[in-house]
Amino acid sequence: PRAAHVLPEPDVIIAQGGFGEVWRKYNKYTGRYEAVKTITFSKLKPDLVKKEYKIQKSFVDCPFIVKVYDFQEDKEKKECRVYMELMRSSLAAEMK
């Protein structure tokens, strides 16, 4: 599983919102940083997140959509995680 290769960096939160947080993590298997979106079950149903993940993953080569790599559901922690491409800047920064 992808999570086994992602080294934790608990102090690197790159975004927070109503559904959860996005962390910057280093994946030692791929040698690159990734964004890991963590969503708690109380905020959003995991089935809905998984459905969104599958739709987003189907746009593999679209330059306008962030690439997603993996989805994990952690029933013990009551959260799910979406592993995706780490963007170099935000859309808001690009529009300035």
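Residues numbered from 1 in each chain as written. Predicted model: local features only at pLDDT ≥ 70, side-chain atom pairs only at ≥ 80, totals over all residues. Heavy atoms only, no water.

S.K.: Tell me about the nonpolar core, residues and numbers included.
M.R.: Side chains that are nonpolar tend, in soluble globular proteins, to be buried together. One finds Val22, Ala35, Ile39, Val49, Tyr53, Val68, Phe71, Cys80, Val82 and Met84 forming the largest nonpolar core, which totals 10 residues. Contributions of two or more residues to this core are made by strand E4 (32–40), helix H1 (46–57), strand E5 (68–74) and strand E6 (79–85). If one sorts the elements of this core by residue count, E6 sits on top with 3 residues. Ignoring sequence-local partners within four residues, the contact set of Cys80 consists of Lys37, Thr38, Ile39, Phe41, Pro46, Val49, Phe71, Gln72, Glu73 and Asp74. (Core = buried A, V, L, I, M, F, W, Y, C linked by side-chain atoms within 4.5 Å. Buried < 20%, exposed > 50% of the residue type's maximum accessible area, 1.4 Å probe, protein only. Helix = DSSP H or I, 4+ residues; strand = E, 2+ residues; numbered from the N terminus. Contact = heavy atoms within 4.5 Å.)

S.K.: Please set out the environment of Ile13 residue by residue, giving values where relevant.
M.R.: The residue Ile13 is located in strand E2 (residues 13–16) in this model. As a C-alpha pair, Ile13 and Trp23 span 10 residues in sequence and 4.5 Å in three-dimensional space. In this view, Ile13 contacts Glu21, Val22 and Trp23; residues no more than four positions away in its chain are not counted.

S.K.: Residue-level account of the pairing of E2, with values.
M.R.: With 3 bridges connecting them, E2 and strand E3 (residues 20–27) associate as antiparallel partners. The residue of E3 that forms the bridge with Gln16 is Glu21. Hairpin connection, E2 to E3: the antiparallel pair is bridged by 3 residues. (Pairing = 2+ DSSP bridges.)

S.K.: Describe the pattern of salt bridges, and please don't skip the residues or the numbers.
M.R.: Taken as a whole and judged by the stated rule, the model has 2 salt bridges. The salt bridge partner of Asp74 is Arg81, with a shortest N-O separation of 3.5 Å. Of the two residues, Asp74 and Arg81, neither departs from the other in class, the shared state being buried. Measuring nitrogen to oxygen at the nearest pair gives 2.7 Å for the salt bridge that ties Glu79 to Arg81. Using a relative accessible area of 15% as the deciding quantity, one classes Arg81 as buried. Several salt bridges converge on common partners, so that one network encompasses Asp74, Glu79 and Arg81. (Salt bridge = Lys/Arg side-chain N within 4 Å of Asp/Glu carboxyl O.)

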